[in-house]
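Chain by chain, the residues:
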Amino acid sequence: MEKKRVVVTGLGALTPLGNTVDSYWNNLIAGKSGADYITKFDASLFKTQFACEVKDFDPLEIMDRKEVRKLDLFSVYAMATAHEAFQDSKIDLDNVNLDRAGVVWGSGIGGMKTFQEECFNYKDGDGSPRFNPFFVPKMIVDIAAGHISIKYGLRGPNYVTVSACASSTNAIIDALMLIQLGKCDFIVTGGSEAGVNITGIGGFNALKALSTRNDSPQTASRPFDSTRDGFVLGEGSGCLILEELEHAKARGAKIYAEVVGGGLTADAHHITAPHPEGHGAISVMRQSLDDAGMNPEEIDYINVHGTSTPLGDIAETKAIKEVFGDHAYNLNISSTKSMTGHLLGAAGAIEAIACVKAVQHDIVPPTINFEHEDEQIDYNLNLTLNKAEKRTVNAALSNTFGFGGHNTSIIVKKFND
């Protein structure tokens, strides 16, 4: 069976760099940092006192107060980006088959803040088990997809993928395959995360995963720099509307790019550390190229996982050299996490949007905060250090990897009918 072609017809973004796709993209290419001191709680006693928070966001602009109270923040973020993506796509929901429209969402943690609050309330109470009746419906990871489905009446596939920091790329690949197989006409996909809270910062501090550069939050996320000391926690959401090509053309949709392939593999090595030689990353990039029917030489830009951890950045650059050979030196490579921080389960979604925009505008966003070379990293690779670069971007690949050894990779390219 010939696979259906899948295109991107709507985008929504809520990030530490901006609360719309345009503001997010403009700040990316300007090389702006989204990191600052934490405002959501008093972090003065924590090893890490900063994060990449969403700023100046008012959910009441799209939802009423009663709705907001019933949702964990990760679901509020999801609803905000779905709202922008639907407005952008201009899909007339009264004139499409809603039985063939679905939601495949990604989140690594879900309602962490709700779980934290309910546990704290019980601990500080008189011992009576008085829990909020919305505790479970707010907390569970699948609920963001459920709310999007209910809001827009989408009656097709409806579920969430959970693969740690690979979750939203996992969701996008699932959505891609469902449409390719002819199961759906369009799918709302992406991911959301709201982990900047006491348990999020405390838990990752206990793992020694976060940067502790408290004297300079804006420069703390520094992929490929020898002084990198961990990732910066971020929050937010990214939403893409994927649509079957003929369905999109029939309604005269604006087409941003085509999603042409994806890969899903496992390191089978360690619960948090990548394979030192990047074996899982190698296999997932090769799988995505094979799925897209593309040669390595056809890729122009790679948005790397690039979290600014000592082991991960080395392993990923090794993997790129293994997969792309001599062409690795013709690519542009960048880590937008140097600006957004690491949005965990939502990272892949906002980075997929960055790839779509790079393809659309022929600009590669930079890796900021680079100062010091690491002898284990090959700087003959074009890591797009500190400044965006204009170049033709016909095809871009995005990598996201997660605790548990989950590896995901997708490819988007310019749309040619």
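The structure displayed is predicted, hence computed values, not measured ones.

(A) Representation of the packing of helix α10 (residues 279-292) against helix α11 (residues 310-324) within the structure. Two elements in contact, α10 and α11, have axes separated by 9 Å at closest approach and are oriented at 40 degrees. In terms of axis orientation, α10 runs oblique to α11. Note that α10 runs across α11; the crossing there is right-handed. In this structure, α10 uses Ala281, Ile282, Met285, Arg286 and Leu289 to contact α11, whose residues at the interface are Ala319, Ile320, Glu322, Val323 and Phe324. Tallied by class, the residues present in the contact of α10 with α11 amount to 8 nonpolar, no polar and 2 charged.

(B) The sheet that holds strand β5 (residues 158-161), seen in detail. With respect to topology, 10 strands assemble into an open sheet ordered β5-β4-β6-β7-β1-β8-β14-β13-β9-β10, the strand pairing being mixed. Of all strands in the sheet, those bounded by a partner on one side alone are β5 and β10 (332-334). Neighbour-to-neighbour, the strand axes of the sheet open up by a mean angle of 25 degrees, direction not taken into account. Here 8 bridges tie strand β6 (residues 186-193) to strand β7 (residues 236-244), and the two strands are oriented antiparallel to one another. Of the residues in β7, the one forming a bridge with isoleucine 187 is leucine 242. On top of the sheet, helix α6 (residues 143-152) reaches β4 (101-106), β5 and β6; it is set at about 155 degrees to β4, its chief contact. Contacts from helix α13 (residues 347-361) reach β1 (6-14), β6, β7, β8 (257-266), β9 (301-303), β13 (395-402) and β14 (406-413) within the one sheet, and its direction differs from that of β13 by about 170 degrees.

(C) Molecular detail of the nonpolar core. With 44 residues, the main nonpolar core has Val8, Leu11, Tyr24, Leu240, Leu242 and Val356 as its most contacted residues. Listed by contribution, the elements that provide at least two residues to this core are β1, α1 (21-29), α7 (167-180), β7, β8, α13, β11 (363-364) and β14. The greatest single-element share of this core, amounting to 9 residues, is contributed by α13. Residues in contact with leucine 242, not counting those within four places in the same chain, are Val6, Val7, Val8, Ile172, Ala175, Leu176, Ile179, Asp185, Phe186, Ile187, Thr189 and Val259. Counting 32 residues, the second-largest nonpolar core is a separate cluster that includes Ala78, Ala82, Ile91 and Phe186.

Cut-off values and rules
- Residues numbered from 1 in each chain as written.
- Predicted model: local features only at pLDDT ≥ 70, side-chain atom pairs only at ≥ 80, totals over all residues.
- Heavy atoms only, no water.
- Axes fitted to C-alpha atoms, helices over the stretch in contact; angles between N-to-C directions.
- Helix = DSSP H or I, 4+ residues; strand = E, 2+ residues; numbered from the N terminus.
- Parallel < 35°, antiparallel > 145°, perpendicular 65-115°, else oblique.
- Left-handed = near helix turned anticlockwise from the far one by under 90°.
- Contact = heavy atoms within 4.5 Å.
- Nonpolar A, V, L, I, M, F, W, Y, C, P; charged D, E, K, R; others polar.
- Pairing = 2+ DSSP bridges.
- Core = buried A, V, L, I, M, F, W, Y, C linked by side-chain atoms within 4.5 Å.
- Buried < 20%, exposed > 50% of the residue type's maximum accessible area, 1.4 Å probe, protein only.

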